[in-house]
Amino acid sequence: MALLLTGKVTTEFGIRSPAHKFFNVFVKQLHDLQNIAERVHEGKVHQGDWHGIGHVKIWTFTVDGKIETCKESFEAIDEKNMSLTTSVYDGEVGKNYKIFKMNLQVIDKEGVGGFVKWTIDYEKLNEEIPPPYRYLDFITSLIKDVDAHLLKGK
C-alpha cells in the first residue's frame, strides 16, 4: 500500500549564470534568498545557523497564489558535485506529506551556465493527496529569479 503513497517529481532547467555561483546561493548565501526570489517572502533561522547540516530554517513563500510556511533543514551538502539535499516539513507540506526531501544538483556546462536538476522525493499521508507538482512551478520560478539575479552581477 505504501507504494501508492511514495513518488518522485523532477524539474530540469538551463541557467546562464555560472553554475558554481548558482549553487553557492543555496549553500552559502541562503539568507539572501528572500531578497532575490519574488515568491520567497521571508526566511529566518529557527535553530542553529543558515548553512549547517541539521540546522532549521522557517520559510514563508507563495505557491499557487497561496502563502505557505514550512521548516527546512540541510541533510547533505556535496560541494564537489554541487549537490544539496534538504528535508522540508511542517506547514502545508507537513499537512500533506510524511516525507518531503528535495535534492538540488547543479551541473556545469562547458563555458557559461549549466543545468539545474531539482528532485522532490515524497510520501503522501493518504492517496487523495496529489503529487507535489505545484511545488515544481515554485522551484522553476526560484531558479529563474536566482539566475537573473546572478546575471545582473549583484
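Bear in mind that the values here come from a model prediction, so they are computed numbers and not experimental data.

### Quick look at the side chain of Ser-73
Thought 1: Inspection of the secondary structure assignment puts Ser-73 in strand β4 (residues 66–78).
Thought 2: Classification of Ser-73 by relative accessible area gives buried; the value is 10%.
Thought 3: Not counting residues up to four positions away in its chain, the partners in contact with Ser-73 are Gly-54, His-55, Val-56, Lys-57, Thr-85, Thr-86, Ser-87 and Tyr-89.

### Focus: the sheet that holds β4
Thought 1: Strand order in the open sheet formed by seven strands is β1-β7-β6-β5-β4-β3-β2, and the pairing between neighbours is antiparallel. One side of each edge strand has no neighbouring strand; the edge strands of this open sheet are β1 (6–15) and β2 (40–47). Between one strand axis and the next, the sheet turns through 25 degrees on average, direction left out of account.
Thought 2: Pairing analysis gives 11 bridges linking strand β6 (residues 97–108) to strand β7 (residues 114–124), with the strands arranged antiparallel. Bridge pairing in β7 places Gln-105 opposite Lys-117.
Thought 3: Relative to the sheet, helix α1 (residues 19–27) contacts β1, β4, β5 (83–89), β6 and β7, its axis offset from that of β6 by approximately 150 degrees.
Thought 4: Along the sheet, helix α4 (residues 133–151) contacts β1, β2, β3 (56–63), β4, β6 and β7; its crossing angle with β1, the most-contacted strand, is approximately 25 degrees.

### Thoughts on the environment of Gln-29
Thought 1: By the element assignment, Gln-29 lies in the loop between α1 and α2 (33–36).
Thought 2: A residue is classified by how much of its surface remains accessible, and Gln-29, at 34% relative accessible area, is partly exposed.

### Topic: the packing of aromatic side chains
Thought 1: Applying the stated criterion across every chain, the model contains seven aromatic pairs.
Thought 2: Consider the rings of Tyr-97 and Tyr-122, whose centres lie 5.9 Å apart with planes at 80 degrees: the pair is edge-to-face. With Tyr-97 in strand β6 and Tyr-122 in strand β7, this residue pair connects regions lying 25 residues apart in the sequence. Tyr-122 carries the same exposure label as Tyr-97, and that label is buried.
Thought 3: Pairwise contacts between aromatic rings join Tyr-97, Phe-100, Tyr-122 and Tyr-135 into one cluster.
Thought 4: One Lys or Arg, Lys-57, reaches over the ring of Phe-74 and ends 3.8 Å from the middle of that ring.

About the criteria used
Residues numbered from 1 in each chain as written. Predicted model: local features only at pLDDT ≥ 70, side-chain atom pairs only at ≥ 80, totals over all residues. Heavy atoms only, no water. Helix = DSSP H or I, 4+ residues; strand = E, 2+ residues; numbered from the N terminus. Buried < 20%, exposed > 50% of the residue type's maximum accessible area, 1.4 Å probe, protein only. Contact = heavy atoms within 4.5 Å. Pairing = 2+ DSSP bridges. Axes fitted to C-alpha atoms, helices over the stretch in contact; angles between N-to-C directions. Phe/Tyr/Trp six-rings, centres within 6.5 Å; stacked < 30°, edge-to-face > 60°. Lys NZ or Arg CZ within 6 Å of the ring centre and 35° of its normal.

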